[in-house]
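Each chain is listed here by its residues.
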Amino acid sequence: MTDPIALSPAELIRRGAAFSRAWRMKEAYADLTAALRLAPNDPELRYQIGRHHMRNGHVEMALIAFHDLRRRAPGYRDVAARFETCLGRLRFPPPFDITADLIAVLDAGRADDLQIAGVVPRVLTGRHGIGADMALDEARIATLAGNRLFRLYLRICRNVDPAIEAVMRRLRRLAAGLEPGPALPPGLLADLAVGFANGDYVVDQPADEAAVADRLRAALTGAEAVMPGAAPGPVMTLALYEAPPVAAVAQIRSAGADDDGIAAFIARFHDEPLALAAEPVATLGRAEPATTNAVSARVRSQYETAPYPRWRGVASTGITDFPGTLARALPVAALPDSVTAAMPAQPDVLIAGCGTGRHPANRASATTCRSLLAIDISHSSLAYAAVKARELGLADRIRFARADILDLPALLPPAGFDLIEAVGVLHHMDDPFRGWQVLRDLLRPGGWMRIGLYSRTARRHITRARAWLADRNWGKTPADIRRFRRELLAGRLDPALDPLKDITDIHNLHHLRDLLFHEQELTFTPGMIRDHLDRLALRFAGFTTGQPETLHAYRQRFPEDPTATDLDRWAAFEADHPDAFLGMYQFWCYDPRQGDMSTGEGAVRIQSSSGR
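Residues numbered from 1 in each chain as written. Predicted model: local features only at pLDDT ≥ 70, side-chain atom pairs only at ≥ 80, totals over all residues. Heavy atoms only, no water.

1. Some thoughts on the nonpolar core
- Counting 92 residues, the largest nonpolar core has Phe 150, Phe 265, Phe 484 and Leu 516 as its most contacted members.
- Sorting elements by how many residues they give to this core places helix 12 (residues 186-198) first, with eight residues.
- Core analysis: the next-biggest nonpolar cluster, separate from the first, contains 48 residues, Ala 422, Leu 453, Tyr 554 and Phe 587 among them. (Core = buried A, V, L, I, M, F, W, Y, C linked by side-chain atoms within 4.5 Å. Buried < 20%, exposed > 50% of the residue type's maximum accessible area, 1.4 Å probe, protein only. Helix = DSSP H or I, 4+ residues; strand = E, 2+ residues; numbered from the N terminus.)

So this is what it looks like as structure tokens:
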């Protein structure tokens, strides 16, 4: 290899970027740092340094690089989009103020609301001084009402920060008249109500507050609830504890809104419930899914009661063809020419168990599909999915339909799809392999599957907690779930459950239900995945962890497996890194009848038609 000293800055940048794309990180770092000494102001160098940090999982360092480039060359390539991508993945704030940037992405709806919820509270508490012990006098209330980032965070995100929750609790008691202090401005009160609703009212309600909610509910369900001209305060105050009657919200809607917080309140508690109730949901083949399996019936009942998850938008990195999608998802994969040649540019896609539609919305935003069918067992979830797809302008790209996976052999022709995705669904079935076999039979020769399954190792604390709850016959009602959360956070439960406090799902009632109170949950190991793949005649193509540093650490540990496809080695890696798959295993596999995984002669890296 040519010594970096002998190369020009442009040559170093090109070679360093190529090394980075090939995940030869040490060589990439050497070339890029050498170029930095020679040409520190080169915009392409700054751009490639940012991309290199992103591949390594160093999101905070990538943000700094893109911030610096954006300042030096504001319109350079897609630096603005790259910067926003980093914003949505930050774990802690950078040394400079990003308040205006966070406001911009939240205002525009370009952020993944579940991801960006992690960093916004740190900015609010660190730079804006919003904390549990702050005074709630008239001046401070006015400051909160005028804090755009705080208002947008309440309105759009699911709060995951205990300090912000403490502020929300104090404001709620103030609004309920249980603490002395000034009245909350209507717009702030409206956003606070939506903030509690975004957590699906998981925050515990003390007895005196529950009594206030009871009085308000009684008043708003009486005849006066539909009388025009009534004050919005009682409606918004009840919404701090539960969704108010739609008829009661209508009186606010008819009066108009002079604050975008009030407009968001009306949309959440009036427009959305009516839209969901009116949304038609198609079925495959019959008026109702057969759902003869008892476990399927219980799971369906759970999601009819509590559609999961609620979401706002998708953070797209741009749309590409199917080979380009795989190139992004499997950056170190090497496939033989026969496999890449068989890939359709625009696949026919089935997403099984699409839930509330975030998954198909992401796929339709990222991949050019010839067709995309998304099915789920829950009518409520599909109604939410269809409404969100229409909001995002994706309704013409996704066909939603209600069906049970086990019914599909009688509803769809075999071998009809190039790509089938089942992420987070098979492990909730009575017999996951049977469900996977049904989907496998719908795959065309040479087709691909993306599967998501819970990790037995990563979910060890959750499995322990589920057993603890079962031993005590802990109920599953919203009140039971709130009581568990209250006791957990107060430290009054078994200390072995304390690791749950660090899981963000405890800050939303439906997420917490799915985490610990689900009707059915099974877990897997890499060895079990390998055995299932062998039985189904599928070939493992690689994990997508969502954390690039996991792949980088694996390749450092096992350089003899450059494509990261040895499931036995992954089992050894997970034993040393037990939280590596805390979300779930997500992996790609394919029917090898059109080719075979290989690192030998003829193997090529997956590349999209754009070459990037």
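Here the narrative resumes, following the displayed structure.
2. Some words on unusual backbone geometry
- Positioned with a positive phi, Asp 200 is a non-glycine residue whose angle comes to about 55 degrees.
- Within the secondary structure, Asp 200 is located in the loop between helix 12 and helix 13 (207-220).
- Overall, the relative accessible area of 13% leaves Asp 200 in the buried class.
- One non-glycine residue with positive phi stands out, namely Asn 473, at about 50 degrees.

3. Focus on the pairing of strand 7 (residues 539-543)
- Within strand 7, four of the five residues are buried, leaving the element largely enclosed by the surrounding structure.
- Bridge count between strand 7 and strand 8 (residues 585-590): four bridges; the pairing is antiparallel. Opposite Arg 539, over in strand 8, you have Tyr 590 as the bridge partner. (Pairing = 2+ DSSP bridges.)

4. A short note on helix 11 (residues 162-175)
- In this model, helix 11 (14 residues) spans 20 Å end to end at C-alpha, consistent with the 20 Å of a helix rising 1.5 Å per residue.
- For helix 11, the complete set of buried residues consists of Ile 164, Glu 165, Val 167, Met 168, Leu 171, Arg 172, Arg 173 and Leu 174.
- Contacts made by the buried residues of helix 11 are with helix 8 (120-126), helix 9 (138-145), helix 10 (148-156), helix 12, helix 13 and helix 24 (478-489).
- Its side-chain oxygen placed 3.0 Å from the backbone nitrogen of Ala 163, Asp 161 serves as the N-cap of helix 11.
- Once helix 11 ends, the next one or two residues include Gly 177, with phi positive near 80 degrees. (Expected span 1.5 Å × (residues − 1). Contact = heavy atoms within 4.5 Å. Polar contact = N/O pair within 3.5 Å; in protein donor to acceptor, adjacent residues only side chain to side chain.)

5. So, the confidence of the model for the protein
- Mean pLDDT over the protein: 90, with 92% of residues reaching 70 or higher.
- Residue range residues 223-227 is modelled with pLDDT below 50. Its contacts to residues more than four positions away, or to other chains, number nine contacts.
- When the criterion is pLDDT under 50, residues 595-612 qualifies, and its contacts beyond four places in sequence or with other chains add up to 51 contacts. (pLDDT = per-residue confidence, 0-100.)

6. Let's talk about the environment of Arg 14
- Residue placement: Arg 14 occurs in helix 1 (residues 9-21).
- Spatially, the C-alpha atom of Arg 14 lies 59 Å from that of Trp 474, the residues being 460 residues apart in sequence.

7. Some words on the packing of aromatic side chains
- Summed over the entire model, instances satisfying the criterion amount to 22 aromatic pairs.
- Plain terms: the ring middles of Tyr 47 and Tyr 76 are 6.1 Å apart, the flat faces sit at 70 degrees to each other, and that makes the pair edge-to-face. With Tyr 47 in helix 3 (residues 43-56) and Tyr 76 in the loop between helix 4 (59-72) and helix 5 (79-87), this pair connects stretches of sequence that are 29 residues apart.
- Aromatic pair Tyr 554 and Phe 573: ring centres 5.8 Å apart, planes at 70 degrees, arrangement edge-to-face. Here Tyr 554 is found in helix 27 (residues 548-557), whereas its partner Phe 573 is found in helix 28 (residues 567-576), with 19 residues between them in sequence. Here the two residues Tyr 554 and Phe 573 agree in accessibility, since each one is buried. (Phe/Tyr/Trp six-rings, centres within 6.5 Å; stacked < 30°, edge-to-face > 60°.)

8. A look at the sheet that holds strand 4 (residues 399-402)
- With mixed pairing, the seven strands of this open sheet are ordered in space as 4-3-2-5-6-8-7. Whereas interior strands pair on both sides, the edge strands pair on one side only; in this sheet they are strand 4 and strand 7. Neighbour-to-neighbour, the strand axes of the sheet open up by a mean angle of 20 degrees, direction not taken into account.
- Pairing geometry for strand 6 (residues 443-453) and strand 8, over six bridges, is antiparallel. (Axes fitted to C-alpha atoms, helices over the stretch in contact; angles between N-to-C directions.)

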